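Observations on the model geometry
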Amino acid sequence: MRRSKAFIPTTKEAPSDGQLASHIFLSRGGFVSQVASGLYNYMPLGKRVIKKIENIINEEMQLADAQEVELSFVTPADLWQESGRIEKFGKELLRFRDRKENLFVLGPTHEEMMVDMVRNRITSYKQLPINLYQIKTKFRDEARPRFGLMRGREFIMKDGYSFHSSQEDLNREFDAMESAYKKILIRLGLDFRIVEADSGAIGGTGSKELMVLAQSGEDTIAVCDTCEYGANVEAAKRSGRSSIPEAPVADFNKFKTPNIKSIEDLENFFKVDAYYTIKCVAKRVIYEEESEIVLFFLRGCDNLQEVKAVNAAGALDIADLSEEELQEIGLIPGFIGPLEQDKAKHVIDNDLINAVNMICGANEEDYHYVNVDMSVLGEAYYADIAEVNEGDICPCCNGKLSFTKGIEVGHIFKLGTTYSKALKAEYLDENGKAQPFIMGTYGMGVSRLVAAIIEQHHDENGCIWTKEAAPYMVNIMISNIKDTEQVELAEELYAKLQEAGVETVLDDRKDRFGFKMKDAELIGFPYTVIIGKELANGLVQIYERKSGENSSISKELVFSQIMKFV
RNA sequence: CGGGGUGUAGCUCAGUAUGGUUAGAGUACCUGGUUUGGGACCAGGGGGCCGAAGGUUCGAGUCCUUUCACCCCGACCA
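The next thing to look at is the layout of surface pockets. Roughly 380 Å³ of internal volume is contained in the second largest pocket. Taken together, 19 residues make up the lining of the second largest pocket; nearest its centre are K261, C280, V281, P333 and G334. Only α7 (263-270), β14 (278-286) and α9 (323-328) provide two or more residues apiece to the lining of the second largest pocket. Top contributing element to the lining of the second largest pocket by residue count: β14, with five residues. Here the lining of the second largest pocket is built from residues that sort into 11 nonpolar, five polar and three charged.

Right, dumping it as structure tokens:
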């Protein structure tokens with residue numbers, strides 16, 4: 001492409017709403033432009049990068065025997081009724097009616113549609129397994145789109161669904177998809193981690209997220225410093241703590257604790273580590289039809305992990321509540337304890353099973369119990385509801401956990417029969433008996449990957465594209481367009497590279513050296529061939545964007561050198 | 001959905017407290033010339049319903065009311 005003819009509107013100035021490097025540079029570099037909140041146009045460079053990523057996905061999916069399809073973007077609301085997700089998804093579903101007043105939904109993900117396509121067409125176990133996927137625009141009416149392509153409302157996603165006649169076969173496919181996804185991210189040059197995750201509203205087990213490591217990531221993940229274990233904090237487990245403080249010595253007693261309401265107050269008052277205190281986090285737990293107050297008890301040094309809490313309560317959601325609401329049911333905020341009290345449902349963290357030497361609220365104004373032995377509770381409801389802390393011991397080895405931030409670019413999980421049952425999608429097994437499909441689902445955010453690559457690969461001057469994702473591999477920069485010798489060599493090299501199948505831009509604009517170099521750095525071509533004043537000595541330079549290194553080479557050798565690099 | 005902020009040239013922003021020539025700057029763009037190794041210089045030029053609607057006033061970018069859009073923090077997020 002001749003730069004003089006290319007539609008690549010770069011700007012010196014960052015958009016006023018740019019927060020992240022990816023947003024700023026993709027916008028300044030002329031890759032994307034915003035049209036409304038969470039909606040973006042892809043300009044030529046952006047479109048090329050999208051295609052690069054799609055091609056890699058397609059190649060790896062083919063190797064894994066997955067078949068590409070394309071489902072209608074507009075989906076009948078009936079299907080969403082059938083699966084029950086029209087309520088679950090809520091306002092994120094963009095709904096509208098056609099001229100005949102039929103209700104439709106813009107697809108935010110396509111489980112229902114894919115199941116609908118397969119049901120009554122795949123009818124025998126002999127036709128299984130099958131893995132179908134598409135790369136398609138999705139729409140979720142996010143409450144708050146942000147960070148450019150990272151969290152848009154309209155976005156491009158690869159979503160795949162597999163159908164099986166046994167759990168074992170699903171497990172096999174799941175592993176195959178995990179390794180295919182790994183390959184894709186490796187090819188894109190990303191530093192990532194596969195972590196255990198919560199499966200969210202879709203339901204299912206064996207949920208894993210592919211996280212690109214970046215400080216700007218929206219997810220916090222716990223990783224082990226010794227083994228491969230990694231998990232979203234929403235799901236992270238621990239086997240213990242790196243150190244357990246010395247236990248306080250006391251007899252069981254009810255103790256006057258005037259106005260001592262917080263864990264911090266207790267620590268100071270009793271001179272005891274928060275580990276030996278019991279914290280009560282009261283929440284309103286919301287179910288499909290009703291809601292109730294639930295008391296979550298944990299060690300004072302831990303925090304409630306809300307996703308775990310929702311799962312433990314078998315709820316749809318949880319919400320904060322006020323002190324007044326607690327008082328209404330006879331609880332005294334600051335002094336709530338799990339003993340001799342059944343004003344609301346209790347969920348107690350696993351780490352408190354048989355815990356001893358504990359201090360907890362006495363359910364009486366200004367009183368706490370000391371030296372509580374939790375085993376006196378007998379049969380209580382225990383669950384894992386605490387968020388792991390940095391320094392906790394890995395559940396898989398003896399390493400320590402630490403936190404890092406990640407961008408979720410992929411999510412795979414085993415759906416089981418959630419959708420096939422709801423939508424009555426069945427096949428006949430060996431015995432001629434109808435069975436619901438056992439399903440897996442595999443998602444990868446294509447447009448989000450564009451942003452994730454830049455989050456991980458940029459510097460203060462702009463984008464640094466990895467080779468497999470770069471919109472163009474080589475930029476040939478003519479320093480002085482009036483120098484016919486420079487122009488001739490550039491044209492010759494341009495023709496040769498194009499013939500060799502190397503995606504090349506020829507910067508034949510009339511601008512000056514500095515301007516064109518800044519522009520090349522902003523766009524982030526992996527290589528720029530500088531044809532300039534050194535040509536008088538028979539030399540040109542190859543500038544490598546990643547290292548910033550500029551190496552001189554004779555004009556005769558530049559073509560073969562470039563071919564070696566790409 | 002709660003809290004806060006911003007809408008003026010393609011882009012980044014002044015101007016709005018205190019209403020008063022023809023609404024400004026930088027940058028980008030067009031023409032001509034100079035320049036050509038790190039976002040050049042000179043000269044000339046085009047580009048605006050000041051987010052929208054209503055109101056107050058002799059007069060509104062500026063004051064009042066309504067509304068829309070976008071951004072930030074939070075809630076939310078397969």
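From this point, the discussion proceeds with the structure in view.
On to empty space enclosed by the protein. A complete count under the given rule lists one cavity of 30 Å³ or more for this structure. Size it by volume and the largest cavity reaches roughly 50 Å³. Lining the largest cavity are M150, S216, G217, E218, D219, G406, I407, E408 and R448. Examining the composition of the lining of the largest cavity, we find that three residues originate from one element, strand β23 (residues 401-416), more than from any other. In the lining of the largest cavity, the residues fall into two nonpolar, three polar and four charged.

To continue, consider the pattern of salt bridges. Evaluated as defined, the whole model comprises 35 salt bridges. Each of R238, R241, R299, D302, D351 and D392 takes part in a single network of salt bridges with overlapping partners.

It is the contact of helix α1 (residues 21-28) with helix α11 (residues 446-456), at a shortest axis distance of 8 Å, that shows an interaxial angle of 105°. Regarding the angle of α1 to α11, the classification is roughly perpendicular. Taken together, the residues of α11 that come into contact with α1 (itself represented by A21, S22 and L26) are V450, A451, I454 and E455.

This part covers the sheet that holds strand β15 (residues 291-299). Neighbouring strands of a sheet are bound in pairs by backbone hydrogen bonds; such pairs are parallel or else antiparallel. Within the open sheet, the five strands sit side by side as β17-β14-β15-β18-β21. Their pairing is mixed. The open sheet is flanked by β17 (317-319) and β21 (382-383), the only strands paired with a single partner. Along the sheet, helix α8 (residues 306-313) makes contact with β14, β15, β17, β18 (345-349) and β21, crossing β17 at roughly 120°.

What follows covers the sheet that holds strand β19 (residues 358-364). Here three strands make up an open sheet; going across it, the order is β13-β20-β19 and the pairing antiparallel. Two strands bound the open sheet, and with one partner strand each, they are β13 (253-256) and β19. Shown here is a sheet whose adjacent strand axes are inclined to one another by a mean of 35°, direction ignored. Each of β13, β19 and β20 (367-372) is contacted by α7, which is oriented at about 100° to β13, the strand it contacts most.

For the pair helix α2 (residues 44-63) and helix α6 (residues 167-187), interaxial distance at closest approach is 10 Å and the crossing angle is 145°. The two elements α2 and α6 cross, and the hand of that crossing is right-handed. For the pair formed by α2 and α6, the contact residues are I56, I57, E59, E60 and M61 on the first element and M177, A180, Y181, K183, I184 and R187 on the second. Taken together, the residues of the contact of α2 with α6 break down into seven nonpolar, no polar and four charged.

Quick look at the packing of aromatic side chains now. How two aromatic rings sit relative to each other is set out by the distance from centre to centre and by the angle between their planes. Under the counting rule described, the total for this entry stands at 11 aromatic pairs. Taking 5.5 Å as the distance between ring centres and 25° as the angle between the ring planes, the aromatic pair formed by F252 and Y369 counts as stacked. In this pair, F252 sits in the loop between β12 (230-232) and β13 while Y369 sits in strand β20, placing the two residues 117 residues apart along the sequence. A relative accessible area of 10% means that Y369 is categorised as buried. Geometrically, the ring pair formed by F255 and F269 is edge-to-face, given 6.5 Å between the ring centres and 85° between the ring planes. Residue F255 is found in strand β13, and its partner F269 is found in helix α7; the two are separated by 14 residues along the sequence. Owing to a relative accessible area of 34%, F255 belongs among the partly exposed residues under this scheme.

Attention now moves to the nonpolar core. Counting 60 residues, the largest nonpolar core has F31, I53, M61, L188 and W465 as its most contacted members. In terms of domain composition, this core takes at least three residues from each of domain 1 (21-237 + 402-455) and domain 3 (474-565). The residues touching F31, leaving out its near neighbours within four places in the chain, are F25, L26, N41, Y42, M43, L45, G46, V49, C463, W465, P471 and I523. Judged by nonpolar contacts, the second largest core, of 31 residues, contains F297, L331, I348 and A362.

Rules and cut-offs
Residues numbered from 1 in each chain as written. Chains lettered and ligands numbered in written order. Predicted model: local features only at pLDDT ≥ 70, side-chain atom pairs only at ≥ 80, totals over all residues. Heavy atoms only, no water. 1 Å grid on protein atoms, 1.4 Å probe; cavity = no way out; pocket = protein on both sides within 12 Å on 5 of 7 lines; lining within 4 Å. Points joined across faces, edges and corners; volume = space filled by probe spheres on them. Helix = DSSP H or I, 4+ residues; strand = E, 2+ residues; numbered from the N terminus. Nonpolar A, V, L, I, M, F, W, Y, C, P; charged D, E, K, R; others polar. Salt bridge = Lys/Arg side-chain N within 4 Å of Asp/Glu carboxyl O. Axes fitted to C-alpha atoms, helices over the stretch in contact; angles between N-to-C directions. Parallel < 35°, antiparallel > 145°, perpendicular 65-115°, else oblique. Contact = heavy atoms within 4.5 Å. Pairing = 2+ DSSP bridges. Left-handed = near helix turned anticlockwise from the far one by under 90°. Phe/Tyr/Trp six-rings, centres within 6.5 Å; stacked < 30°, edge-to-face > 60°. Buried < 20%, exposed > 50% of the residue type's maximum accessible area, 1.4 Å probe, protein only. Core = buried A, V, L, I, M, F, W, Y, C linked by side-chain atoms within 4.5 Å. Domains from an automatic or database assignment.

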